[in-house]
Amino acid sequence: MSRRRCCGLIDDTIVCQTFIPLGQSRWPEILIQLEELEAIRLKDKVGLDQVECAASMGVSRATFQRILGAARSKIATALVEGRPIIIRGGNYVIKNRVFECVDCGLMWEVEPCAAGGKYGYEIACPKCGSMNKMRLDNGLKHTCSSSHHRNLGQSSCCGGNS
């Protein structure tokens, strides 16, 4: 019996969970787990190397390679055979969001947003109460502002889910 794999850390849940080829598919759907999609995102979209990807997901390099290989194989099968892709489930934990106050320099974490939770734009610095903050995404800063929120919608700012 194999050992249960530890949870992979993912940045956020996804918006679109189903991809269906044009026309009707006679094949059964392919299930891609959320940590497999996160591996594809980190390696193939963001362009991190394997060590950085594994560190971001909180798994070993070998485990990351297995997750990435499984995801790529499933996606290749779906594309070649014209099968629908369903993205859900898996063995994962959503990362906390990290903010830095521009005024006082405090860095703090906020739990992942759930339905009815705070998306980030309305969260004040716990030290000075300032709303002038940056969200840190793997060391990169993302400005959180109410104008950004109005232009892109509530779920677009600071990693919030709708």
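Note: the structure precedes this text.
Residues numbered from 1 in each chain as written. Predicted model: local features only at pLDDT ≥ 70, side-chain atom pairs only at ≥ 80, totals over all residues. Heavy atoms only, no water.

A. Expanded view of the sheet that holds strand 4 (residues 85-87). Strand order in the open sheet formed by 3 strands is 2-4-3, and the pairing between neighbours is mixed. What marks the edges here is a single partner per strand, and that holds for strand 2 (18-19) and strand 3 (30-32). Sheet topology places strand 2 next to strand 4; 2 bridges connect them, and they run antiparallel. Following the sheet pairing, Thr18 is matched in strand 4 by Ile86. Contacts from helix 1 (residues 34-46) reach strand 3 and strand 4 within the one sheet, and its direction differs from that of strand 3 by about 75°. The sheet contacts of helix 3 (residues 61-81) involve strand 3 and strand 4, and relative to strand 3 the element is tilted by about 150°. (Pairing = 2+ DSSP bridges. Helix = DSSP H or I, 4+ residues; strand = E, 2+ residues; numbered from the N terminus. Contact = heavy atoms within 4.5 Å. Axes fitted to C-alpha atoms, helices over the stretch in contact; angles between N-to-C directions.)

B. Just helix 1, in detail. Among the residues of helix 1, those classed as buried are Leu34, Glu35, Glu36, Glu38, Ala39, Ile40 and Leu42. Positive backbone phi, approximately 90°, marks Gly47, located one or two places after helix 1. (Buried < 20%, exposed > 50% of the residue type's maximum accessible area, 1.4 Å probe, protein only.)

C. Representation of the pairing of strand 7 (residues 107-110) in the model. Where burial is concerned, the two faces of strand 7 differ: the one with Trp108 and Val110 is buried and the one with Met107 and Glu109 is not. Summarising the sheet, strand 6 (residues 97-101) and strand 7 pair through 4 bridges and their orientation is antiparallel. Its bridge partner lying in strand 7, Glu100 is registered against Met107. Counting the residues in the hairpin turn of strand 6 and strand 7 gives 5 residues, including Gly105, whose phi is positive at 85°.

D. The packing of helix 2 (residues 50-57) against helix 3, seen in detail. It is at 9 Å that the axes of helix 2 and helix 3 come closest, and there the two elements cross at 95°. Taken together, the axes of helix 2 and helix 3 are roughly perpendicular relative to one another. Where helix 2 approaches helix 3, its residues Gln50, Val51, Cys53, Ala54 and Met57 are matched on the opposing element by Arg61, Phe64, Gln65 and Ile67. Of the residues that constitute the contact of helix 2 with helix 3, the class distribution is 6 nonpolar, 2 polar and 1 charged. (Parallel < 35°, antiparallel > 145°, perpendicular 65-115°, else oblique. Nonpolar A, V, L, I, M, F, W, Y, C, P; charged D, E, K, R; others polar.)

E. Quick look at the environment of Val110. The residue Val110 is located in strand 7 in this model. When its relative accessible area of 15% is taken as the criterion, Val110 is described as buried. Between the C-alpha atom of Val110 and that of Ile123, which follows or precedes it by 13 residues, the distance is 9.1 Å.

F. Summary view of the nonpolar core. Ala39, Ile40, Leu42, Cys53, Ala54, Met57, Val59, Phe64, Ile67, Leu68 and Ala71 together form the largest nonpolar core, which totals 11 residues. Those elements that place two or more of their residues in this core are helix 1, helix 2 and helix 3. No other element matches helix 3, which puts 4 residues into this core. (Core = buried A, V, L, I, M, F, W, Y, C linked by side-chain atoms within 4.5 Å.)

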